[in-house]
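Listed below, chain by chain, are the residues.
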Amino acid sequence: MNKWNRREFLQRTSAATLAALAATSPVAGLLSGCKRIGAPDSSADTVILLWMAGGMAHTETFDPKRFTAYETGMEGNRVLSTFKPVPTVLDGINFSEGLQSIGKVMDKGTLIRSYTAADMGHILHSRHQYHWHTCYEPPQTVAAPHIGSWIAKELGPKNPVIPAFIDIGQRFTVGEAEELKAFHTAGFLGNEFGPFMIPDPSQGLESVRPPVGMDAKRFERRNQLYNDLISKSPVGEFGSDYQKESLKRSMEQAYMLLNSPESKAFDLSTEPKESYDIYNTGRFGLGCLLARRLTEQGARFISVTTEYEPFKGFDTHENGHTRLVDMKKMIDGPIAQLVKDLDKSGHLDRTMIVLASEFSRDMMVEGKPEFKVLEQVNQPDVLTDMKFYGMHRHFTDAGSMLMFGGGIKKGFVYGKTADERPCKTIENPIKIDQVHQTIYHALGIAEDTQYEVEKRPFYTTPDGKGKAVMELLS
């Protein structure tokens with residue numbers, strides 16, 4: 001069993017990045033990939049990943065169980081869900097109270113109730129998030145690309161002036177910054193396929209124009225200075241010609257966006273007030289609005305996150321119930337509106353929306369029932385305070401996902417979990433390599449896609465063994 005702590009995880013992923021830079025052989029892009037025989041016809045052109053960072057409890061959201069109201073002195077083992085179940089548009093399918101808006105659009109998508117996370121020993125959010133976003137368990141000897149980078153590399157931009165991979169909402173100033181950076185990267189694929197970062201969607205326009213008071217000539221001089229600095233950086237000193245060219249192309253793409261009419265899509269102030277107000281539940285809600293506008297302008301892959309910050313958001317180590325009340329208010333309206341808006345404009349047919357989290361939560365079980373790991377929460381058997389009411393421990397044996405558009409079945413439910421604790425997956429488990437390959441299949445990216453790195457093939461899924469779950473596709 002691996003027992004990596006945060007420091008070891010960071011040291012080894014950082015070493016992998018340096019190893020990729022120092023590789024003596026050229027890397028992706030200058031190498032031939034696989035034969036790509038039999039690539040499937042695509043049903044999607046764009047992917048929007050709605051990332052519920054921090055561990056979203058399935059029993060408190062999209063897979064509710066028996067509701068038990070809080071009572072001081074109650075036994076914790078009695079509590080399966082702290083919210084009442086409410087009906088959705090699908091017959092016999094309930095969501096947790098507070099998610100009624102999303103429940104009303106489930107006739108346009110698929111509910112997955114059987115995602116199971118990997119067993120990697122001591123559970124760290126950054127390690128499981130790395131695994132979800134790259135499909136590879138850390139640490140790796142090379143920097144594994146983010147799924148958005150694979151898509152950007154294989155398909156290229158839909159609109160040449162819109163970055164192919166855009167990440168909205170994640171800051172690197174709120175804790176565990178280096179661990180988060182480890183998977184917000186294109187890895188060996190090169191900088192031009194990395195994420196265009198927009199930490200605050202309300203300031204998206206600031207990301208695509210020079211600072212106030214800086215004229216175009218001064219900006220060009222700064223751009224040249226930046227290129228000079230890069231040439232003296234580790235990339236310039238140790239990187240391959242491919243990596244240097246990739247970095248140069250990424251800067252050229254940013255400069256092209258700066259001068260394009262499409263840059264107005266980043267300006268949320270131009271959105272009609274009625275629409276803006278529906279999305280305006282905070283940075284995540286406005287991120288969904290920005291994702292809609294960028295999809296309409298030809299973005300290829302967009303990630304919108306509730307943002308991972310330790311012990312905040314969905315990282316509910318205490319006050320699980322009260323925290324989820326606020327989180328639901330943040331996500332329910334904007335996600336439902338995003339689906340409706342893209343459906344109304346006709347973009348949903350070719351845009352796949354994926355809602356996911358790194359793992360689930362339970363009040364009593366850390367890890368899996370048959371694969372328990374070190375306890376990280378002081379959860380009393382008897383609840384003496386409201387702060388203990390809710391799902392706190394990290395549970396990896398079940399999890400919920402939503403998928404809409406891009407060839408995904410409508411009004412479909414996949415997988416099942418037990419109705420009593422432990423509320424684990426009992427039908428149709430789905431793992432991360434299957435999730436990734438289902439997305440790739442819909443986009444027309446073949447399952448044997450690979451590049452040679454360090455004289456060995458590196459696939460989109462480990463050893464190229466990921467298989468699409470065809471039952472999810474219409």
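### Points about the packing of aromatic side chains
Item 1. Under the definition given, this model contains 10 aromatic pairs.
Item 2. A centroid spacing of 5.1 Å and a plane angle of 55° characterise the contact between Trp51 and Trp132, whose relative ring orientation is tilted. Of this pair, Trp51 sits in strand S1 (residues 46-51) while Trp132 sits in helix H3 (residues 125-134), and the two are 81 residues apart along the sequence.
Item 3. Judged by its relative accessible area of 1%, Trp132 is buried.
Item 4. Three or more aromatic residues joined by ring pairs make a cluster, and in this case those are Tyr136, Trp150, Phe188, Tyr451 and Phe458.
Item 5. The cationic tip of Lys328 hangs over the ring face of Phe83; the distance from NZ or CZ to the ring centre is 3.3 Å.
Item 6. In this structure, Lys409 packs its charged tip against the face of Phe412, placed 4.5 Å from the ring centre.

### As for helix H4 (residues 147-155)
Residues three or four positions apart in an α-helix share a direction because the helix packs 3.6 residues into each turn.
Item 1. Counting buried residues in H4 gives 8 out of 9 residues, a clear majority hidden from the surface.
Item 2. Among all positions of H4, only Ile147, Gly148, Ser149, Trp150, Ile151, Ala152, Lys153 and Glu154 are buried.
Item 3. Of the residues flanking the end of H4, it is Gly156, one or two places downstream, whose phi is positive at about 70°.

### Looking at the confidence of the model for the protein
Item 1. Put simply, the protein has an average pLDDT of 87, and 81% of its residues get 70 or more.
Item 2. Every residue in residues 15-32 scores below 50 in pLDDT, and together they form 32 contacts with partners more than four places removed in sequence or on other chains.
Item 3. Segment residues 34-38: pLDDT under 50, and 10 contacts once partners within four positions in sequence are set aside and those in other chains are kept.

### Things to note about the pattern of salt bridges
Side chains carrying opposite charge are able to pair once their charged atoms draw close together.
Item 1. Within this structure, the stated rule accounts for 20 salt bridges.
Item 2. Of the charged contacts in the structure, one is a salt bridge between Arg292 and Glu271, with a shortest N-O distance of 2.8 Å. Of the two residues, Arg292 sits in helix H10 (residues 283-296) while Glu271 sits in the loop between helix H8 (241-258) and helix H9 (273-279), which places them 21 residues apart along the sequence.
Item 3. Arg292 serves as the salt-bridge partner of Glu296, at 3.3 Å between the closest nitrogen and oxygen. Residue Glu296 and its partner Arg292 are located together in helix H10, separated by 4 residues, close to a single helical turn.
Item 4. The class of Arg292 is buried, set by a relative accessible area of 9%.
Item 5. What emerges from the salt-bridge pattern is a single network uniting Glu271, Arg292, Arg293, Glu296 and Asp341.

### Focus on the nonpolar core
Nonpolar side chains tend to gather and get buried jointly when the protein is soluble and globular.
Item 1. If you look at the biggest cluster of nonpolar residues, it comprises 54 residues, and the most contacted ones within it are Trp132, Ile151, Met352 and Ile439.
Item 2. Among the elements of the structure, S1, H3, H4, strand S9 (351-356), strand S15 (401-404), helix H12 (432-443), strand S19 (450-453) and strand S20 (456-459) are those that each provide at least two residues to this core.
Item 3. It is H12 that provides the largest number of residues to this core, a total of 6 residues.
Item 4. If near-sequence neighbours (up to four positions away) are discounted, Ile439 is found in contact with Val47, Ile147, Ile151, Met352, Val354 and Met403.
Item 5. Among the nonpolar cores identified, the runner-up in size contains 48 residues, and Val161, Phe266, Ile331 and Phe404 belong to it.

### Some points on empty space enclosed by the protein
Item 1. In the structure shown here, the tally under the stated rule is 5 cavities of 30 Å³ or more.
Item 2. Roughly 60 Å³ of volume is contained in the largest cavity.
Item 3. Taken together, Trp51, Ala53, Gln129, His133, Asp167, Gln170, Phe183, His184, Ser303 and Thr305 make up the lining of the largest cavity.
Item 4. Elements represented by at least two residues in the lining of the largest cavity include exactly H3 and strand S8 (301-305).

### What about the environment of Gln100?
Item 1. Mapped onto the elements of the fold, Gln100 is located in helix H2 (residues 100-103).
Item 2. Along the sequence, Gln100 and Ala336 sit 236 residues apart, while their C-alpha atoms lie 9.2 Å from each other.
Item 3. When neighbours within four sequence positions are excluded, Gln100 is seen to be in contact with Val86 and Asp332.

### A word on the sheet that holds S9
Item 1. Judged by pairing direction, the sheet is mixed, and its 8 strands sit side by side in the order S7-S6-S8-S1-S9-S15-S5-S16 without closing on themselves. Two strands close off the open sheet at either side, each with one partner strand: strand S7 (196-198) and strand S16 (412-414). The sheet shows a mean angle of 15° between the axes of neighbouring strands, taken without regard to direction.
Item 2. Both strand S6 (residues 165-168) and S8 contribute to a ladder of 4 bridges, which runs parallel. In the strand pairing of S8, Ile168 is matched with Val304.
Item 3. Sitting on the sheet, H3 is in contact with S1, S9 and S15, with an inclination near 165° to S1.
Item 4. Across the sheet, helix H11 (residues 320-345) is in contact with S1, S9 and S15; its angle to S9 comes to roughly 170°.

### Focus on unusual backbone geometry
Item 1. In the segment running from Pro138 into Pro139, the intervening peptide bond is cis, with an omega of 0°.
Item 2. At the junction of Arg421 and Pro422, the peptide bond is cis and its omega measures out at -5° in the coordinates.
Item 3. The residue Pro422 is located in the loop between strand S17 (416-417) and strand S18 (425-427) in this model.
Item 4. The phi dihedral of Phe311 falls on the positive side, at around 70°, and the residue is not glycine.
Item 5. Along the chain, Phe311 turns up in the loop between S8 and H11.
Item 6. Although it is not a glycine, Glu454 adopts a positive phi angle of roughly 55°.
Item 7. Checked against the element boundaries, Glu454 lands in the loop between S19 and S20.

### Examining the environment of Gly148
Item 1. Looking at the element boundaries, Gly148 is found in helix H4.
Item 2. Gly148 gets classed as buried once you look at its relative accessible area, which sits at 0%.
Item 3. For the pair Gly148 and His133, spaced 15 residues apart in sequence, the C-alpha to C-alpha distance is 8.3 Å.

About the cut-offs
Residues numbered from 1 in each chain as written. Predicted model: local features only at pLDDT ≥ 70, side-chain atom pairs only at ≥ 80, totals over all residues. Heavy atoms only, no water. Phe/Tyr/Trp six-rings, centres within 6.5 Å; stacked < 30°, edge-to-face > 60°. Helix = DSSP H or I, 4+ residues; strand = E, 2+ residues; numbered from the N terminus. Buried < 20%, exposed > 50% of the residue type's maximum accessible area, 1.4 Å probe, protein only. Lys NZ or Arg CZ within 6 Å of the ring centre and 35° of its normal. pLDDT = per-residue confidence, 0-100. Contact = heavy atoms within 4.5 Å. Salt bridge = Lys/Arg side-chain N within 4 Å of Asp/Glu carboxyl O. Core = buried A, V, L, I, M, F, W, Y, C linked by side-chain atoms within 4.5 Å. 1 Å grid on protein atoms, 1.4 Å probe; cavity = no way out; pocket = protein on both sides within 12 Å on 5 of 7 lines; lining within 4 Å. Points joined across faces, edges and corners; volume = space filled by probe spheres on them. Pairing = 2+ DSSP bridges. Axes fitted to C-alpha atoms, helices over the stretch in contact; angles between N-to-C directions.

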